[in-house]
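So you can see what is in the structure, the chains are spelled out below.
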Amino acid sequence: MRNFLLALSFIPILVLAQSKSMITGSLIDSENGTPLEFATVSVINPSDQVLLTGGVTDSKGGFAISLKPGIYTINVQFVTYAPLQIKDVKVETGKATQLGRLSMEPDTEELGEVVVQAERTQMEMNLDKKVYNVGKDLSNLGGSASDILSNLPSVTVDIEGNVELRGSSNVKVLIDGKPSGLVGLSSSDALRQLQGNLIERIEIVTNPSARYDAEGQAGIINIVLKKDSKKGINGSFQVNTGYPQNHGASVNMNFRREWVNLFVNYGLSYRDSPGGGKTDQEYHLDEPSPTTGETDYFTKLRRDHNRAGISNSIRFGSDFYLSDKTTLTAAFLYRYSDEKNDAVLDYRDFDLSGNFLEYTLRNDKETEGDHNLEYSLNLTKQFTRKEQKLTADIQYQSNNEIEKSNIVQSEGATVASSVPALFQKVKNDEGEKRLMLQADYIHPFGLKGKFETGFRSTNRHVKNIYNVDERTDESEPFVQLDEFSTDFAYLENVHAAYGIVSDQYDKFSWQVGLRAEMTDISSEQKEDTVKRDWNYINYFPSAFLTYKITEVSQIQLSYSRRINRPRFRELNPFSSFTDNRNFRVGNPTLQPEFTDSYEAGLLQNFKKSSFYYGVYYRFTDDLIQRVTLEPNDEGQRIRKPYNIGERHQVGVETNISHEFVGWYRINGNFNFFRSETIGSVGDTLTLNAKAMSFSTRMSNIFKLGDKTDAQLNLNYRAPQKDTQGKRYSMTSLDLGISRDVLGDDGTLSLSVSDLFNSRKYRFETSTENFYEKGEWQWRRGPSAQLTFIYRLNQKKQRPGRGENGGEFMDDGGF
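Thresholds, definitions, all that
- Residues numbered from 1 in each chain as written.
- Predicted model: local features only at pLDDT ≥ 70, side-chain atom pairs only at ≥ 80, totals over all residues.
- Heavy atoms only, no water.
- Helix = DSSP H or I, 4+ residues; strand = E, 2+ residues; numbered from the N terminus.
- Buried < 20%, exposed > 50% of the residue type's maximum accessible area, 1.4 Å probe, protein only.
- Contact = heavy atoms within 4.5 Å.
- Areas by Shrake-Rupley, 256 points an atom, 1.4 Å probe, with all protein chains shown as cover.
- Pairing = 2+ DSSP bridges.
- Axes fitted to C-alpha atoms, helices over the stretch in contact; angles between N-to-C directions.
- Phe/Tyr/Trp six-rings, centres within 6.5 Å; stacked < 30°, edge-to-face > 60°.
- pLDDT = per-residue confidence, 0-100.
- Core = buried A, V, L, I, M, F, W, Y, C linked by side-chain atoms within 4.5 Å.
- Salt bridge = Lys/Arg side-chain N within 4 Å of Asp/Glu carboxyl O.
- Polar contact = N/O pair within 3.5 Å; in protein donor to acceptor, adjacent residues only side chain to side chain.
- Patch = residues over 30% accessible without salt bridge, like charges linked within 9 Å, V, L, I, M, F, W, Y side chains within 5 Å.
- Lys, Arg positive; Asp, Glu negative; His and termini not counted.
- Charge placed at Lys NZ, Arg CZ, Asp CG, Glu CD.

1. As for the overall build of the protein chain
Secondary structure assignment for the protein chain yields five helices and 42 strands. Of all 814 residues assigned to the protein chain, the portion counted as buried reaches 54%. Counted over contacts in the protein chain with a minimum sequence separation of 6, partners at least 24 positions apart contribute 67%. With the model as given, the accessible surface of the protein chain reaches about 35300 Å², and the carbon-plus-sulfur share is 56%.

Below, the structure is given as structure tokens:
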């Protein structure tokens, strides 16, 4: 607190230190709020209309012009925009006259004569984040959010659908800068259900500052949904069909008047995705297995599944422009999905000599209903002073998910003689209620300085009621299996506050910040009346230093500290019963892990190229990792998360975007890292590993005439060792082609993903008494998509009006 007050006390000193007489301000597009670079600002003598001096806006639309004291007229001009004039601007001795944020209106008459050629690039690089305009990637059309993420550089989706960034699954996924009901209780399932055509761009922050939530060891992935603010009625409509069955439609509409902007996004999709895999397992038990009667045996497991269902998402709201500088936004989100998931598990047991022992077929028919509601209110207040801003948010979400399974297990000495021998019913009732309050304030000082502060308070209450009933004959009543049934409740309160000071001197700019988070967590296993409580306060510093080498090159050093609190399903004692030989369970005693992250990067932006070269180092303490335990006497294998120890990881990352000729450009990424894990569980299980791996993605974009584009994407992920085995390499190839039709109001696209059916997760696990080798696919490829988009009163972006994606703060984030 003392440091916080000290920082505040310097603000008036720094402001008074400015001794020059000048005018300052910034220019933005009135329709979408993007900065206008290279606009001309002229200072005119009002008495004789003589030009006295002037300037050009910088990359953020800002300008600062030194003047003698007096009264002036300011003229602002920019191609394709109506001229702007400000009269009677008074400049006083030793003071900076703040014109604030000036909005320029597009000149519709001039636009009619402009040939539209430039568009936002697919990948835009900044030092603090990377922005991917996913609609430009043809392989994303008709896909889900999970499909899109799996195509991004440095991002992978693992065997269970969890998102990984730079090889770590501890990444925070946000929607429009905030946690959202669109992610839901199970982020992996929700991301597969979120239609990609509702997404405008994805922002990746690998080393977030104190402004952002400290959750997420590897960084933050922010999914920005589509929303426009152009005057009048505008929008887009999309329909798609594909094989395997993947059909959908979406609508994105806006209606803008002077004081209000109404927006609505609706998406409907139906998917039937076949997938599955195979695993060869070898067991060595102390006692004979009740299934095989052997202590040493071999099992071939084959799994096929179909995940089918309908998903609906609707989001609507209004921006109310209370004044030129005050906006109130109210929004509502509802998502409902109804799925039918069928899984067939085929076990064939052999002794080590290869003699057949037992056949088991396990058929699981599951229905899943998922409801998500979210209400949000945002107030944004701009001030006359450039970049001075206050935002306040309140958000409430309620999610509920019910899964019901009917399982029939058949057994026999041979495949032909197997008969139903076990009947089971499983019901999983999950729910979450979440309330978030937050506010953020930015106060500029001097010419380039800023002080930022804010708070966030979050309350989460999660329930999970899991019941398993069983009978061995259809004429018998079901009996509950107490060892697999649980009633688990989880309550989490996190209160956070932060302060950041930043400034720029000549070619140097810097930022230092500190975030404090107070966490209060309690969990309860009601069937055993076991309660656990954790209370702790943590501090998360961050620091950034940037040096501008030339007009096109700059280098940045950064540091941040992060936390990864155990997820609900990592704490939940039990979560799956489809496979009754291989269980995934939670650990209610898990503690959070902490990561210190260091990064140095060089960014170069040329006329036709962008290059980013970065090195990073991460140290994680109290590392959370799922551990495969030795099989029990019944031959059941359990995977359970533990705080195993620490991990050191160092890596190199390169991003390249280059236009070779007018019809061909590439976007490329290469990420290489080395990690060392030092860990253990108890006194008997040592978990140490040294590993090197890399991933790369190359996107080739071809412009075949004025109306046709094509794209070819190659993804490769190298093998990687872990503490109990390894993951093998994975390669995939995607291609697509699109053509503008209907006078450029429509676009017809055809894309094929995983052309050679090579996107397979292949792995190996080894313990003292267990070994397995297998492969897995959530969806078997290849898959094809035909998509049609129609734009209503929307045109491709004009030259000089590109976006860099903005800060999360611009979207109400934290």
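The rest of the description comes next.
2. Considering the sheet that holds strand β3 (residues 50-56)
Judged by pairing direction, the sheet is antiparallel, and its four strands sit side by side in the order β3-β2-β5-β6 without closing on themselves. What marks the edges here is a single partner per strand, and that holds for β3 and β6 (84-91). The sheet shows a mean angle of 25 degrees between the axes of neighbouring strands, direction not considered. Pairing analysis gives six bridges linking strand β2 (residues 40-45) to β3, with the strands arranged antiparallel. Directly across from Ile44, in β3, lies its bridge partner Leu51.

3. As for the packing of aromatic side chains
Applying the stated criterion to the full structure yields 22 aromatic pairs. With a centroid separation of 5.9 Å and 35 degrees between ring planes, the pair formed by Phe577 and Phe583 is classed as tilted. For the pair formed by Phe577 and Phe583, the shared burial category is buried. Relative to Tyr716, the ring of Phe694 has its centre 5.6 Å away and its plane inclined at 45 degrees; by these criteria the two rings are tilted.

4. Quick look at the confidence of the model for the protein chain
Do not read the fine detail of predicted coordinates wherever pLDDT is low. Here the protein chain averages 82 in pLDDT, and 83% of its residues register 70 or above. A low-confidence stretch, residues 1-19 stays under pLDDT 50, and its non-local contacts, those more than four residues away or across chains, total 17 contacts. Confidence over residues 108-121 falls short of pLDDT 50; this stretch has 21 contacts with residues more than four positions distant or in other chains.

5. As for the nonpolar core
Formed by 20 residues in total, the largest nonpolar core has its most connected members in Ile23 and Ile74. Those elements giving two or more residues to this core turn out to be β1 (22-29), β2, β4 (62-66), β5 (70-77), β6 and β7 (96-104). Core analysis: the second largest hydrophobic core is formed by 16 residues, Val171, Ile199, Ile204 and Ile221 among them.

6. Structural notes on the pattern of salt bridges
The tally for this structure, following the rule as stated, stands at 24 salt bridges. A salt bridge links Lys300 to Asp280; the nearest nitrogen and oxygen atoms lie 3.9 Å apart. Here the residue Lys300 occupies a position in strand β18 (residues 296-321), and Asp280 occupies one in strand β17 (residues 260-284), the gap between them amounting to 20 residues. A relative accessible area of 31% places Lys300 in the partly exposed class. Look at Asp280 and you get partly exposed, because its relative accessible area is 25%. For Arg515, the salt bridge identified is with Glu517, shortest N-O distance 2.8 Å.

7. Some points on the side chain of Thr279
Locating Thr279 in the fold gives a position in strand β17. Exposure remark for Thr279: the relative accessible area of 10% places this residue in the buried category.

8. A few points about the sheet that holds β1
Taken in spatial order, the three strands make up an open sheet running β4-β1-β7, and their pairing is mixed. The open sheet terminates on both sides in strands that have one partner only, identified here as β4 and β7. Along the sheet, successive strands turn relative to each other by an average axial angle of 20 degrees, direction set aside.

9. Here we look at the environment of Tyr72
Within the fold, Tyr72 resides in strand β5. It is 6.6 Å that separates the C-alpha atoms of Tyr72 and Val43, two residues lying 29 residues apart in sequence. Here Tyr72 is in contact with Val43, Ile44, Pro46, Leu52, Leu67, Ile86, Lys87, Asp88, Val89 and Val91, once residues within four sequence places are set aside. Here the side chain of Tyr72 touches Lys68 through a polar contact of 2.7 Å, landing on its backbone oxygen.

10. Quick look at unusual backbone geometry
Phi is mostly negative for residues that are not glycine, and the peptide bonds are mostly trans. The omega angle of the peptide bond from Tyr243 to Pro244 is -5 degrees, so this bond is cis rather than trans. Here Pro244 shows up in the loop between β15 (232-243) and β16 (246-256). We note that Leu742 has phi near 55 degrees; this positive angle belongs to a residue other than glycine. Its location among the elements puts Leu742 in the loop between β38 (730-741) and β39 (746-753). Of the residues examined, Leu742 reaches a relative accessible area of 56% and is grouped as exposed.

11. Comments concerning a negative patch on the surface
Together, Asp286, Glu287, Asp482, Glu483, Glu527, Asp528, Asp633 and Glu634 give the surface a local cluster of negative charge. In this structure, Glu483 sits in the loop between β24 (479-480) and β25 (486-505).

12. Let's talk about the environment of Leu750
With respect to the element layout, Leu750 can be found in strand β39. Judged by relative accessible area, which is 41%, Leu750 ranks as partly exposed. Sequence separation between Leu750 and Ala784 is 34 residues, and the spatial gap between their C-alpha atoms is 7.4 Å. Beyond its immediate stretch of four places on either side in the chain, Leu750 contacts Leu735, Gly736, Ile737, Gln785 and Leu786.

13. A few points about a nonpolar patch on the surface
A surface patch of nonpolar side chains, about 580 Å² in accessible area, is lined by Tyr375, Leu377, Ile394, Tyr396, Leu435, Leu437 and Phe455. Mapped by element, the contributors of at least two residues to the nonpolar patch are β20 (356-382), β21 (389-412) and β22 (419-445). With respect to the helices and strands, the residue Leu437 is situated in strand β22.

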